[in-house]
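# Observations on the three-dimensional arrangement
Chain by chain, the residues:
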Amino acid sequence: MFRKDIQYVKFCTYGFLKNLRFFEPFLILYLVESNISFLQIGFLFTIRAVAVNIMEIPSGVVADFIGRRRAMIFSFLSYIISFLLFFFIPEYYVIIIAMIFFAFGDAFRTGTHKAMILDYLKHKGWEQYRTFYYGNTRGWSQRGSAVSALIAAGLVFFTGNYRSVFLFTLIPYLAELVLMLSYPAWLDGKRNDKSDTDNKKLSISGIFIELGSGLKNKYIRTSFLNSSIPTGFFEAVKDYIQPLIAILSLGLPVLTTIADKQRTALLSGIIYSIIFLLTSIASSSSGKLSGKFSSDRNFLNLSYVAGMLILAASGVSRWAGLNLVSIMIFMFYYLVQNLRRPVTVGFLSDQFNNDIMATALSTDSQLKTLWVAILSPAIGFMIDKWGLGAALAITGTAGLIVYPLIKLKSADPGKL
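## A few points about the pattern of salt bridges
Pairing is possible between side chains that carry opposite charge, provided their charged atoms lie close to one another. As enumerated under the stated definition, the model contains nine salt bridges in all. Notably, a salt bridge pairs Asp-119 with Arg-68, separated by 3.1 Å at the nearest N-O pair. One end of the pair, Asp-119, is in helix 6 (residues 112–124); the other, Arg-68, is in helix 4 (residues 68–88), with 51 residues separating them in the sequence. Taken individually, Asp-119 and Arg-68 each receive the classification buried, so the pair is uniform in this respect.

Okay, here's the thing in structure tokens:
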């Protein structure tokens, strides 16, 4: 089994701090309060997704070519600029710019840190434990989200506005910059490791050629789709639990003496904390659960179908006016996604050599953002037109319809 050394602690600390996004439980409510329609919100998410899409693979190449720590530092600087814009200028066109900076942060982070973890496991000879290891570090990310939700609820409760959460999010992200500087230099990748004389440095063109050869393989293309489509669906709809919570809070026969926003803040903090505590357990347990299946492939197929059924059921419950039931079902959607994600990362890592791992994982993230870009305005339009329940039900059903196209079948393409 792997040893929980100082670098393991740093990886877990990274995940914990990274998920101290105090704005997360209130992002859509902040945008709605700024007189932005759901369709416009969908376009904001699309703009962010397109910006990520443009930068995703180039950022992975940059991380593989000039160093992963530098890419991560640029990522957190972009996030910080974004938070400042959200706080100081809550206007639609400025929020677009803030979303673009946020996208740069995502593009230079996603895939890069996972590649560093996988590289570290290879260096230690712990590759066989990658699902358990990544699941544990991801578990700390979810614990960070649980703590973040409680702190965010307190901030909104005492300040009386949603904007303050962006300013306070600067604190953990500044701490992340310091943490990145403490990572060992060799985690930048072999092309920056001057002591590695047995391996030639990959050129940027070489990275693309090697990745391109992999994408010619149908099994690998299906693997990317099986990973990116459910993640894209999740990212496109996960924040819509916020209006569900707001609707539920307005109908509660308790705490009627405090303002609606404060009631929503308290209920959001409680529900989000429960969600992230459960997803923390789910992420940490994903290795054990997937081990009960005959293969990761079967686990990923089953979890995909389960996730889409749950999403559709949540929408039907909301359409029927069962708000509490809809929220409870939606919570299971979070659980399924956090059970499957560590398994997905381990599954994809089997398909590629370590030299291009950041590029491969960034490709997966790019595909995810493509689905987010397509889905977000469509979901926003459906909410404005038919309501949140119908939008969630239709989205889940659409995910089930495309399942035959992305189902993983038995094959062994070998490592590329």
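Having seen the model, we can carry on.
## Observations concerning the confidence of the model for the chain
Per-residue pLDDT for the chain averages 86, and the proportion of residues at 70 or more is 88%. Between the elements of the chain, mean pLDDT differs from a low of 54, seen in helix 10 (residues 204–215), to a high of 97, seen in helix 17 (residues 388–401). Considering only residues more than four positions removed or in separate chains, one finds that residues 192–202, a stretch of pLDDT under 50, has 14 contacts.

## Focus on the side chain of Asp-364
Among the structural elements, Asp-364 can be located in helix 16 (residues 357–386). Within the structure, Asp-364 has its side chain in polar contact with the side chain of Arg-341 (distance 3.0 Å). Every residue in contact with Asp-364, bar those within four places of it in the chain, is listed here: Phe-224, Ser-227, Ser-228, Arg-341 and Leu-348.

## Some remarks on the nonpolar core
In globular proteins that are soluble, nonpolar side chains generally tend to be buried together. Counting residues in hydrophobic clusters, the biggest one holds 100 residues, and the most contacted among them are Tyr-133, Phe-166, Tyr-240, Ile-241, Phe-330 and Ile-379. Looking at this core, the element that brings in the most residues is helix 15 (residues 323–349), giving nine residues. For Phe-166, the contacting residues outside a window of four places in its chain are Phe-23, Leu-27, Tyr-30, Phe-83, Phe-86 and Phe-87. Core analysis: the next-biggest nonpolar cluster, separate from the first, contains nine residues, Phe-299, Leu-300, Leu-335 and Val-343 among them.

## Comments concerning a positive patch on the surface
Residues Lys-218, Arg-221, Lys-407 and Lys-409 make up a contiguous surface patch of positive charge. For Lys-218, the location among the structural elements is in helix 11 (residues 218–237). Judged by its relative accessible area of 62%, Lys-218 falls in the exposed class.

## A word on unusual backbone geometry
Of note in this structure, Asn-35 is not a glycine but carries a positive phi near 65 degrees. Tracing the sequence through the fold places Asn-35 in the loop between helix 2 (27–33) and helix 3 (38–66).

## A few points about the layout of surface pockets
Put simply, the second largest pocket is a space of about 160 Å³. In this structure, the second largest pocket is lined by Lys-218, Tyr-219, Arg-221, Thr-222, Pro-404, Leu-405, Lys-407 and Lys-409. Looking at side-chain class alone, the lining of the second largest pocket contains three nonpolar, one polar and four charged residues.

## Some points on the packing of aromatic side chains
The full count for this structure, using the stated rule, is 37 aromatic pairs. On the basis of an interplanar angle of 75 degrees and a centroid distance of 6.3 Å, the ring pair of Tyr-14 and Phe-76 is categorised as edge-to-face. With Tyr-14 in helix 1 (residues 6–18) and Phe-76 in helix 4, this pair connects stretches of sequence that are 62 residues apart. Given the relative accessible area of 5%, Tyr-14 is considered buried.

## Let's talk about a nonpolar patch on the surface
Judged by side-chain polarity, Leu-84, Phe-88, Ile-89, Leu-167, Phe-168 and Ile-171 come together as a nonpolar surface patch covering roughly 520 Å² of accessible area. If you trace the backbone, Leu-84 turns up in helix 4.

## As for the environment of Pro-404
Following the sequence through the fold, Pro-404 ends up in helix 18 (residues 403–406). According to the relative accessible area criterion, Pro-404 is exposed, its value standing at 57%. A sequence separation of 103 residues divides Pro-404 from Asn-301, and the C-alpha atoms of the two residues are 10.0 Å apart.

Cut-offs applied
Residues numbered from 1 in each chain as written. Predicted model: local features only at pLDDT ≥ 70, side-chain atom pairs only at ≥ 80, totals over all residues. Heavy atoms only, no water. Salt bridge = Lys/Arg side-chain N within 4 Å of Asp/Glu carboxyl O. Helix = DSSP H or I, 4+ residues; strand = E, 2+ residues; numbered from the N terminus. Buried < 20%, exposed > 50% of the residue type's maximum accessible area, 1.4 Å probe, protein only. pLDDT = per-residue confidence, 0-100. Contact = heavy atoms within 4.5 Å. Polar contact = N/O pair within 3.5 Å; in protein donor to acceptor, adjacent residues only side chain to side chain. Core = buried A, V, L, I, M, F, W, Y, C linked by side-chain atoms within 4.5 Å. Patch = residues over 30% accessible without salt bridge, like charges linked within 9 Å, V, L, I, M, F, W, Y side chains within 5 Å. Areas by Shrake-Rupley, 256 points an atom, 1.4 Å probe, with all protein chains shown as cover. Lys, Arg positive; Asp, Glu negative; His and termini not counted. Charge placed at Lys NZ, Arg CZ, Asp CG, Glu CD. 1 Å grid on protein atoms, 1.4 Å probe; cavity = no way out; pocket = protein on both sides within 12 Å on 5 of 7 lines; lining within 4 Å. Points joined across faces, edges and corners; volume = space filled by probe spheres on them. Nonpolar A, V, L, I, M, F, W, Y, C, P; charged D, E, K, R; others polar. Phe/Tyr/Trp six-rings, centres within 6.5 Å; stacked < 30°, edge-to-face > 60°.

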